[in-house]
Amino acid sequence: WIFGGIFRPVFLEALPATHMNRVAIDAKADGSFNSLIVLNESKSDYSVSASLIDLNGNRIKGTVQKEIKKGTKETYLSGKFEDIKSWNTEWPTLYDLKITLKQGSNVLHEVTERIGFRTVELREHDGFYINGEKVIFKGINRHSFYPETGRCLSEKNIRADIHLMKEMNMNTVRCSHYVPDKRFLELCDSLGLFVLDEVT
């Protein structure tokens, strides 16, 4: 399963000297979230803040902020937003979480991640619960392949696969053996499919 050549989009990204290397977000159904933030360097005191915006561009009330002391490259930012709608496969509500890194009043770097608020539990001898409701996973395995283009899939190809699964009343897809296309994961999130990501 080692593919040769360039078969997905490639980007060259220019970042500021001090920036966020990694942001990982765990957002729960009640509006609370915990975010891991990793900086590439920490030569000064900084602050990091998070604000939430719905997909119509409306800002959700509240901003979460935290100070980062010099020498600290890894921190957690936690908080809670009120009056959010949780994500599920029937109503896959998403929001944009904007995380801003500052030095004093100077903005150094901003990252926006599209997220859904959902609580996932595996209850022993019972099964999976999403937002307190039991879920039976119904789906198939999927390979990133199309007869005319091989491993190079367009967004149209990806959307067609997801819509076909939804039309067959599936709620889950399992990615097989290799890292899935990030755009595939984003579209599953926006169209309401659970993903079993075998290789993270």
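What comes next concerns the included structure. (Residues numbered from 1 in each chain as written. Predicted model: local features only at pLDDT ≥ 70, side-chain atom pairs only at ≥ 80, totals over all residues. Heavy atoms only, no water.)

Before going further, it helps to spend a moment on the overall build of the protein chain. Secondary structure summary: the protein chain contains 2 helices and 13 strands in total. Considered along the principal axes of its C-alpha atoms, the protein chain spans approximately 50 × 45 × 35 Å. Looking at the protein chain as a whole, 37% of its 200 residues qualify as buried. Considering only residue pairs separated by 6 or more positions, the protein chain has 56% of its internal contacts joining residues 24 or more positions apart. Considering the protein chain, the positive charge centre built from 27 side chains and the negative charge centre built from 27 side chains are found 3 Å apart. (Helix = DSSP H or I, 4+ residues; strand = E, 2+ residues; numbered from the N terminus. Buried < 20%, exposed > 50% of the residue type's maximum accessible area, 1.4 Å probe, protein only. Contact = heavy atoms within 4.5 Å. Lys, Arg positive; Asp, Glu negative; His and termini not counted. Charge placed at Lys NZ, Arg CZ, Asp CG, Glu CD.)

Moving on to the sheet that holds strand 6 (residues 95-103). Strands sit in the order 4-3-6-7 across an open sheet of 4 strands; the sheet is antiparallel. In this open sheet, the two edge strands, each paired with only one partner strand, are strand 4 (59-68) and strand 7 (106-115). Adjacent strand axes in the sheet meet at a mean angle of 20 degrees when their direction is disregarded. When strand 6 meets strand 7, the two strands line up antiparallel, connected through 9 bridges. When the bridges of strand 7 are listed, threonine 100 appears paired with glutamate 110. (Pairing = 2+ DSSP bridges. Axes fitted to C-alpha atoms, helices over the stretch in contact; angles between N-to-C directions.)

All right, on to the environment of arginine 59 then. Inspection of the secondary structure assignment puts arginine 59 in strand 4. Residues arginine 59 and tyrosine 76, 17 residues apart in the sequence, show an inter-C-alpha distance of 22 Å. Residues within four places of arginine 59 in sequence aside, it is in contact with Ser51, Leu52 and Ile53. Within polar-contact distance, the side chain of arginine 59 engages the side chain of threonine 63 at 2.8 Å. (Polar contact = N/O pair within 3.5 Å; in protein donor to acceptor, adjacent residues only side chain to side chain.)

So, about the pattern of salt bridges. Applying the stated criterion to the full structure yields 12 salt bridges. Note that aspartate 189 and arginine 118 form a salt bridge whose closest N and O atoms lie 2.7 Å from each other. With aspartate 189 in helix 2 (residues 182-191) and arginine 118 in the loop between strand 7 and strand 8 (120-123), this residue pair connects regions lying 71 residues apart in the sequence. Residue arginine 118 is classed as partly exposed on the basis of its relative accessible area, which comes to 22%. (Salt bridge = Lys/Arg side-chain N within 4 Å of Asp/Glu carboxyl O.)

This part is about the sheet that holds strand 12 (residues 172-175). Taken in spatial order, the 3 strands of this open sheet run 11-12-13, and their pairing is parallel. A strand with exactly one partner marks an edge of an open sheet, and here the two such strands are strand 11 (139-142) and strand 13 (194-197). Taken pair by pair, the neighbouring strands of this sheet meet at an average axis angle of 25 degrees, ignoring direction. Two strands pair when backbone bridges link them, and strand 12 and strand 13 are joined in this way by 4 bridges, in the parallel orientation. Bridging from a neighbouring strand, valine 173 pairs with valine 195 of strand 13.

As a rule of thumb, nonpolar side chains are buried together in soluble globular proteins. In this structure, Met20, Phe33, Leu52, Phe81, Leu97, Ile99 and Phe117 are the most contacted members of the largest nonpolar core, which totals 24 residues. Elements with a contribution of two residues or more to this core: strand 1 (20-27), strand 2 (32-39), strand 3 (46-54), strand 4, strand 6 and strand 7. Aside from chain neighbours lying at most four places away, what touches leucine 52 is Asn58, Arg59, Ile60, Phe81, Ile84, Tyr95, Asp96, Leu97, Ile115 and Phe117. With 11 residues, the next largest nonpolar core counts Ile158, Phe184, Leu187 and Leu193 among its residues. (Core = buried A, V, L, I, M, F, W, Y, C linked by side-chain atoms within 4.5 Å.)

Okay, the pairing of strand 4 next. Taken together, the 7 bridges between strand 3 and strand 4 define a ladder with antiparallel strand orientation. What sits directly across from serine 49, in strand 4, is glutamine 65. The turn linking strand 3 back onto strand 4 is made up of 4 residues, and glycine 57 within it adopts a positive phi angle of 90 degrees.

This part covers helix 1 (residues 155-167). An ideal rise of 1.5 Å per residue puts 18 Å on 13 residues; helix 1 measures up with 18 Å between its terminal C-alpha atoms. Within helix 1, burial applies to Asn157, Ile158, Ile162 and Met165. Projected down its long axis, helix 1 carries its buried residues within an arc of 130 degrees, all on one side. Projecting away from the buried face of helix 1 at angles above 90 degrees are the exposed residues Lys156 and Glu167. Those residues of helix 1 hidden inside the fold are in contact with strand 11, strand 12 and helix 2. (Expected span 1.5 Å × (residues − 1). Arc of directions from axis to C-beta.)

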